[in-house]
Amino acid sequence: MPHTIHATQPIQGQKPGTSGLRKKVAVFQQPHFLENFVQAIFLAVPELKGGTLILGGDGRYLNEIALQTILKMAAANGVARLLVGQHGLLSTPAASHLIRLHQAVGGIILSASHNPGGPQGDFGIKFNAGNGGPAPEKLTDAIYAATLQVHEYHLSNAPDIDLAVVGEVEFAGMRVSVVDPVADYAVLMQQLLDFDAIRAWIAAGHTLRLDALHAVGGPYAIRLFEDMLGAPMNSVRNAAPQPDFAGGHPDPNPVYCADLVDTMQGRGAPDFGAAFDGDADRNMILGRDFVLTPSDSLAVLAANAALIPQFKGRLTGVARSMPTSRAVDSVAKALGIDCYETPTGWKFFGNLLDAGRIQLCGEESYGTGADHVREKDGIWAALAWLNLVAVRKQSVAQIVQAHWAQFGRHFYSRHDYEGLSVAAGDVVLATLRSKLPGLVNTLVAGLCVTLADDFAYTDSVDGSLSQQQGIRIEFAGGSRVVFRLSGTGTEGATLRVYLEHYTAEVSEQAQETQSALKAVIAAAEELAGIYANTGRTVADVVT
Ligand code: VG1
Ligand code: CO
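These figures come from a predicted structure and were not determined experimentally.

Cut-offs used in this document
Residues numbered from 1 in each chain as written. Chains lettered and ligands numbered in written order. Predicted model: local features only at pLDDT ≥ 70, side-chain atom pairs only at ≥ 80, totals over all residues. Heavy atoms only, no water. Buried < 20%, exposed > 50% of the residue type's maximum accessible area, 1.4 Å probe, protein only. Helix = DSSP H or I, 4+ residues; strand = E, 2+ residues; numbered from the N terminus. Pairing = 2+ DSSP bridges. Contact = heavy atoms within 4.5 Å. Near = heavy atom within 4 Å. Polar contact = N/O pair within 3.5 Å; in protein donor to acceptor, adjacent residues only side chain to side chain. Nonpolar A, V, L, I, M, F, W, Y, C, P; charged D, E, K, R; others polar. Axes fitted to C-alpha atoms, helices over the stretch in contact; angles between N-to-C directions. Domains from an automatic or database assignment. Buried area = accessible area lost by both parts, 1.4 Å probe. Salt bridge = Lys/Arg side-chain N within 4 Å of Asp/Glu carboxyl O.

Of all five residues making up strand S13 (residues 283-287), five are buried, and the element is well covered by its neighbours. Side-chain alternation along S13 places Asn-283, Ile-285 and Gly-287 on one buried face and Met-284 and Leu-286 on a second face that is also buried. Sheet analysis places strand S12 (residues 272-276) next to S13, joined by five bridges and oriented antiparallel. Its bridge partner being in S13, Phe-276 is matched across the sheet by Asn-283. As consecutive antiparallel partners, S12 and S13 are separated by six residues, and within that stretch Ala-280 has a phi angle of approximately 65°, a positive value. Linking two consecutive strands that pair antiparallel, namely S13 and strand S14 (residues 290-291), is a turn of two residues; a positive phi of about 60° is found at Asp-289 within it.

And the structure:
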């Protein structure tokens, strides 16, 4: 029988960030904390009553306990049908696909994505809407408002469900299907990409090294790359999802995957490498002796869309988050297709994808995706790149260098200053905002400012306005710096400084990235006074 619990210590006012609600595990372990947020979802989305809900997570610490609670709350709140991944696992893109496939009202995804896990790590929860995408701001605002009102929540007192067994069960009046997390997703991938070409390329003796970083991408990568495409066993490393990601940082970038970058160097290195984050929506792509930046990845995929079955003859628009380099803009211009600039966070691509205005989009933070789901998709990105490599019969490095020769190179780097006090982060942004008026046409560290604003975005589909999405400063000659505060961290504030420099000269394209960005880095310091305002002289993470 369902029963109602009156929260004796209501924990209200939980505000979702860039990508759902993310907190330390200990915060989620407080009595009623998770339940308050979940009940707020049921309040904000009344259609869930009588509807279908998708549920799964990235396998991190607390995943299974939280899933059992949510199952009981879903039953008590009148959900008719619920699909949950076996062992509670679903990658974020696979959850997005299941929502769409089953025309579910939405999905609850338990993940803190690229943040570390384990008892000392982070946990997260996010609601995705019926289009399969992260709740738009209107909905996250409604969920937040509901968290302020929850005084009680509904919970069935039925015993736990065995999530190890695939099959259908009746659970306190709700039909529950425990599903293979990979099966439907794998079918979808086969429909989108040139599996025959990839299979032939692998059969010819080319080698792969894929790193799942002990997270949920492992089972997906094994099924697709090894079982279906014929890569030798052990092509996928760290494939068994662990609750604490083996103590690592499940963030696919050259800093946290330094060992993979090393493996990809020199004679005898694999031909193709990739890594995925905690919930397998991010990707890093590498070739032998080559690390691809996500901004270039997006641009190259757009330029080669005709070689990818999914896009063939139907690419009418692309989008990038504002801090992502403008490499894709040049491609869109050359192809004569639309190019949109959105705020950081995948939710801002949703309307454009739904309206058919874009088919491909990406973020500088190792996120690439397309209109087959409404999330970024790490495994898909690696498959799409293999598709290119196999069809063009060229290495990753050759493809990207040819791209730069044609379109010019956008050098790109992100400098993160982590664990600042919230006050210090705010001071940096306030300093920048105060300087914006009158900045255009002045010189900063020798660079002439051509644009200076606090990025505001009007969604061209629903007209909604999102303000203060990052400070954007452009310089003559194609350099740019962007500043914003992270919305996914769980400790203090993280300042992100995004640096870009363009050159059309092939002779300049072989430079080392940080030295190519020297002038922009100096301009960033002069503008933001990072040292004066935070005491920091070097960034914690440079990608
Ligand atoms: C970061 C990235 C952003 C990404 C978000 C969620 O947000 O910068 O591009 O969409 O993480 O990615 P922020 O606010 O910390 O900069 V994931 O893989 O956590 O779902
Ligand atoms: Co992620």
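The topology assignment puts Lys-376 in the loop between strand S18 (367-370) and helix H13 (378-392). When sequence neighbours within four positions are dropped, the list of residues in contact with Lys-376 reads Pro-93, Asp-281, Arg-282, Trp-346, Glu-363, Gly-367, Thr-368 and Gly-369.

By nearness alone, 20 residues border ligand 1, and Thr-18, Ser-113, Ser-365, Gly-487 and Thr-488 come closest of all. Here an oxygen atom of ligand 1 sits 3.0 Å away from a polar atom, N or O, in the side chain of Asp-277. Considered class by class, the residues forming the shell around ligand 1 number no nonpolar, 10 polar and 10 charged.

Another point: the sheet that holds strand S10 (residues 208-211). Strand order in the open sheet made by the five strands is S11-S10-S12-S13-S14, with mixed pairing throughout. Every other strand in the sheet has two partners, leaving strand S11 (236-237) and S14 as the edge strands with one partner each. Here H13 sits on the sheet in contact with S10, S12 and S13, set at roughly 170° to S12.

It is worth spelling out the environment of Glu-226 at this point. One can find Glu-226 in helix H8 (residues 217-228). Glu-226 sits 18 residues away from Leu-208 along the chain, and the two C-alpha atoms are 9.8 Å apart. Contact partners of Glu-226, with chain neighbours within four places excluded, come to Ala-221, Ala-231, Pro-232, Met-233, Asn-234, Ser-235 and Val-236. Looking at Glu-226, its side chain comes within polar contact range of the main-chain nitrogen of Asn-234, at 3.2 Å.

Domains assigned within the protein are domain 1 (3-181), domain 2 (185-407) and domain 3 (409-542). Counting the surface lost from both domain 1 and domain 2, the interface buries some 2,500 Å², and carbon and sulfur atoms represent 57% of this. The largest per-residue losses of area from domain 1 upon contact with domain 2 belong to Pro-93, His-97 and His-114, which jointly make up 22% of the total buried on that side. One can count two salt bridges joining domain 1 with domain 2. Among the salt bridges present, the one from Arg-223 reaches Asp-180, with a minimum N-O distance of 3.1 Å.

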